[in-house]
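# A structural walkthrough
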Amino acid sequence: MSGITGPTEPSESTMDEQSDVMNLLESEPYYTTEKGAAYQGDSRKLLDELPKGEVDLIVTSPPFALRREKAYGNESPEEYNEWFMEFAEKAYRVLADDGSLVIDIGGGWTKGVPTRSTYHFELLTELVGEDGPFHLAQEMYWYNPAKLPTPAQWVTIERIRLKDAVNHVWWLSKTERPDADNKRVLKEYSDAQKKLMEDGYEDKLRPSEHNISDKFDKPKEDGAIRPNFWDIVESPDEIPDFGDILHDAGVSDDLIQAAGEADKLDELARLTLPEDKIPDNVLELANTASNTHYLNACKEVDLDPHPARFPRDLPQFFIQFLTQPDDLVVDIFAGSNMTGWVSEQMNRNWLAFEYQEKYLRTSKLRFMPMEELKRDENQQSFDDVIELTD
Ligand SMILES: C[S@@+](CC[C@H](N)C(=O)[O-])C[C@H]1O[C@@H](n2cnc3c(N)ncnc32)[C@H](O)[C@@H]1O
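Residues numbered from 1 in each chain as written. Predicted model: local features only at pLDDT ≥ 70, side-chain atom pairs only at ≥ 80, totals over all residues. Heavy atoms only, no water.

## Quick notes on the site of the ligand
- Around the ligand lies a shell of 22 residues, among which Ser43, His306, Phe310, Ser336 and Glu354 are the nearest.
- A distance of 2.7 Å separates an oxygen atom of the ligand from a polar atom in the side chain of Ser336.
- For the ligand, whose free accessible area comes to 610 Å², the fraction covered by protein is 98%.
- Across the shell around the ligand, the residue classes tally to twelve nonpolar, seven polar and three charged. (Near = heavy atom within 4 Å. Polar contact = N/O pair within 3.5 Å; in protein donor to acceptor, adjacent residues only side chain to side chain. Areas by Shrake-Rupley, 256 points an atom, 1.4 Å probe, with all protein chains shown as cover. Nonpolar A, V, L, I, M, F, W, Y, C, P; charged D, E, K, R; others polar.)

## Regarding the nonpolar core
- Residues Ile58, Phe84, Leu127, Leu351 and Phe353 are the most contacted members of the largest nonpolar core, which totals 37 residues.
- The biggest single contributor to this core is helix α2 (residues 77-94), with eight residues.
- Not counting residues within four places of it along the chain, the set of residues in contact with Phe84 comprises Pro62, Ile103, Leu123, Leu127 and Phe333.
- Residues Trp142, Phe310, Val342 and Phe367 belong to the second largest nonpolar core, which totals 29 residues. (Core = buried A, V, L, I, M, F, W, Y, C linked by side-chain atoms within 4.5 Å. Buried < 20%, exposed > 50% of the residue type's maximum accessible area, 1.4 Å probe, protein only. Helix = DSSP H or I, 4+ residues; strand = E, 2+ residues; numbered from the N terminus. Contact = heavy atoms within 4.5 Å.)

## Overview of the sheet that holds strand β3 (residues 55-60)
- Strand order in the open sheet formed by nine strands is β1-β2-β9-β8-β3-β4-β6-β5-β7, with mixed pairing between adjacent strands. One side of each edge strand has no neighbouring strand; the edge strands of this open sheet are β1 (31-32) and β7 (282-284).
- In this structure, β3 lies alongside strand β8 (residues 328-331), joined through two bridges in parallel fashion. Along β8, the bridge assignment pairs Ile58 with Val330.
- Sheet strands in contact with α2 are β3 and β4 (95-105), and its direction is about 150° off that of β4.
- In the packing of helix α12 (residues 357-364) onto the sheet, the strands contacted are β1, β2 (36-40) and β9 (349-354), and the crossing angle to β2 comes to about 155°. (Pairing = 2+ DSSP bridges. Axes fitted to C-alpha atoms, helices over the stretch in contact; angles between N-to-C directions.)

## Re the confidence of the model for the protein chain
- Confidence in the prediction for the protein chain averages 81 pLDDT; 74% of positions are at 70 or higher.
- This stretch, residues 201-220, has a pLDDT under 50; its non-local contacts, to residues over four places away or in other chains, come to 29 contacts.
- This stretch, residues 233-237, has a pLDDT under 50; its non-local contacts, to residues over four places away or in other chains, come to four contacts. (pLDDT = per-residue confidence, 0-100.)

## Digging into the environment of Glu89
- One can find Glu89 in helix α2.
- Counting along the chain gives 38 residues from Glu89 to Leu127, while the straight-line C-alpha distance between them is 9.0 Å.

## A word on the pattern of salt bridges
- Summed over the entire model, instances satisfying the criterion amount to eight salt bridges.
- When the shortest N-O distance is used, the salt bridge between Arg44 and Glu86 registers 3.5 Å. Of this pair, Arg44 sits in helix α1 (residues 43-49) while Glu86 sits in helix α2, placing them 42 residues apart in sequence.
- A salt bridge links Arg116 to Asp164, with the nearest nitrogen and oxygen atoms 3.1 Å apart. (Salt bridge = Lys/Arg side-chain N within 4 Å of Asp/Glu carboxyl O.)

## Points about the packing of aromatic side chains
- On inspection of all chains with the given rule, the structure shows 18 aromatic pairs.
- Ring geometry for Trp83 versus Phe84: centroids 6.4 Å apart, planes at 55°, classification tilted.
- According to the relative accessible area criterion, Trp83 is buried, its value standing at 14%.
- Their ring planes at 15° and their centres at 5.5 Å tell us that Trp350 and Phe367 sit as a pair that is stacked. (Phe/Tyr/Trp six-rings, centres within 6.5 Å; stacked < 30°, edge-to-face > 60°.)

## A few points about helix α3 (residues 119-128)
- Turning to α3, its buried residues number three or more, namely Tyr119, His120, Leu123, Leu124 and Leu127. Projected down its long axis, α3 shows its buried positions confined to an angular sector of 140°, all on one face.
- Here the buried face of α3 lies against α2, β4, β5 (135-143) and β6 (166-173). (Arc of directions from axis to C-beta.)

## Describing a negative patch on the surface
- Negative charge collects at one region of the surface, where Glu79, Glu82, Glu122 and Glu126 lie side by side.
- Those elements giving two or more residues to the negative patch turn out to be α2 and α3.
- Along the chain, Glu126 falls in helix α3.
- Glu126 sits in the partly exposed class, given a relative accessible area of 38%. (Patch = residues over 30% accessible without salt bridge, like charges linked within 9 Å, V, L, I, M, F, W, Y side chains within 5 Å. Lys, Arg positive; Asp, Glu negative; His and termini not counted. Charge placed at Lys NZ, Arg CZ, Asp CG, Glu CD.)

## Here we look at the side chain of Ser173
- Tracing the sequence through the fold places Ser173 in strand β6.
- For Ser173, the side chain forms a polar contact with the main-chain oxygen of Thr175, separated by 2.7 Å.
- Beyond its immediate chain neighbours, meaning those up to four positions away, Ser173 contacts Gly99, Ser100, Phe134, His135, Ala137 and Pro178.

Pasting the structure below:
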């Protein structure tokens with residue numbers, strides 16, 4: 001990921017400055033900032049208020065189809081796709097021709113048996129299949145090594161399934177060539193790779209003979225439960241050689257072989273490798289941050305934080321990859337409004353739609369410095385605090 005880290009705490013309040021984007025809708029915003037506006041309501045209705053073709057990126061995480069109800073409500077797998085397609089069609093209308101819709105969606109399990117539901121694959125074919133409005137620009141995977149080992153019955157009790165460690169993230173587009181540039185999100189090479197490129201290569205294994213780790217043959221009895229995603233090529237003990245680096249960067253094995261035979265691998269690397277590494281479609285992000293401004297602020301005002309927040313890197317990656325400064329980013333299931341907060345940091349305009357007021361109230365805290373939230377003896381509740389800042 002590129003160096004796009006912003007401050008985690010607002011240094012001054014951007015609350016209630018008037019953003020132009022609030023003029024796009026008739027409804028009254030719940031709060032506004034310099035770059036955006038958050039609305040309480042059903043996003044189907046709010047999307048209808050937006051003019052056609054105005055939005056550059058929608059990045060969102062809908063409630064998933066779950067058997068067990070979450071605090072913020074979920075559709076069952078049977079009704080899910082019909083429910084979701086209503087939002088998708090409205091989202092399509094408001095997107096610019098080179099705009100994108102990015103959906104983070106988790107899979108589910110069939111009730112009572114250790115098999116997976118296929119609802120999210122069916123939804124994808126509805127979204128991008130023959131009759132679907134969108135193109136599938138690329139499917140991505142959010143690999144979260146910190147995910148809990150559930151469902152407990154199959155994973156920790158009967159031990160017959162692996163730990164489900166990925167969410168699907170679908171990057172959909174309105175046309176075949178949405179605005180996107182992978183140069184905006186280049187990754188730095190690892191220190192080992194940099195050293196190798198500086199010091200020259202050691203001709204070890206050819207890419208086709210990757211040294212596959214033997215760790216899967218010898219599971220440790222008391223080890224961690226394996227996730228259902230792993231990178232079989234890279235193991236921390238293995239220093240990759242030039243052949244591996246070139247192969248991973250998409251250079252053909254024949255060319256690598258020929259360059260190796262002519263003792264010219266390092267020259268080929270210099271000619272073909274970009275300065276930084278092009279990211280792949282697996283985004284490794286743990287969702288474990290515990291000392292964030294949002295969490296501290298919720299604690300300060302005694303309100304529960306949203307239970308299913310994005311890690312900051314997820315919206316940040318797509319905003320960087322798919323938009324430019326002053327573009328408009330919308331989250332139609334905004335929750336704690338991580339998307340709006342990151343957009344503000346990255347100088348993008350934003351809109352957040354969320355139908356539960358309790359989540360909007362805490363999302364507002366993201367934009368307020370801690371000093372504004374500290375209570376004195378006259379302020380007993382968050383309502384007092386929020387009144388002072390409204
Ligand atoms: C998985 S959470 C999103 C969390 C968010 N990505 C974050 O970083 O906090 C889904 C949210 O969608 C909201 N929601 C569900 N149906 C909605 C609707 N029809 N309109 C607006 N929001 C809705 C829920 O209240 C919930 O907060």
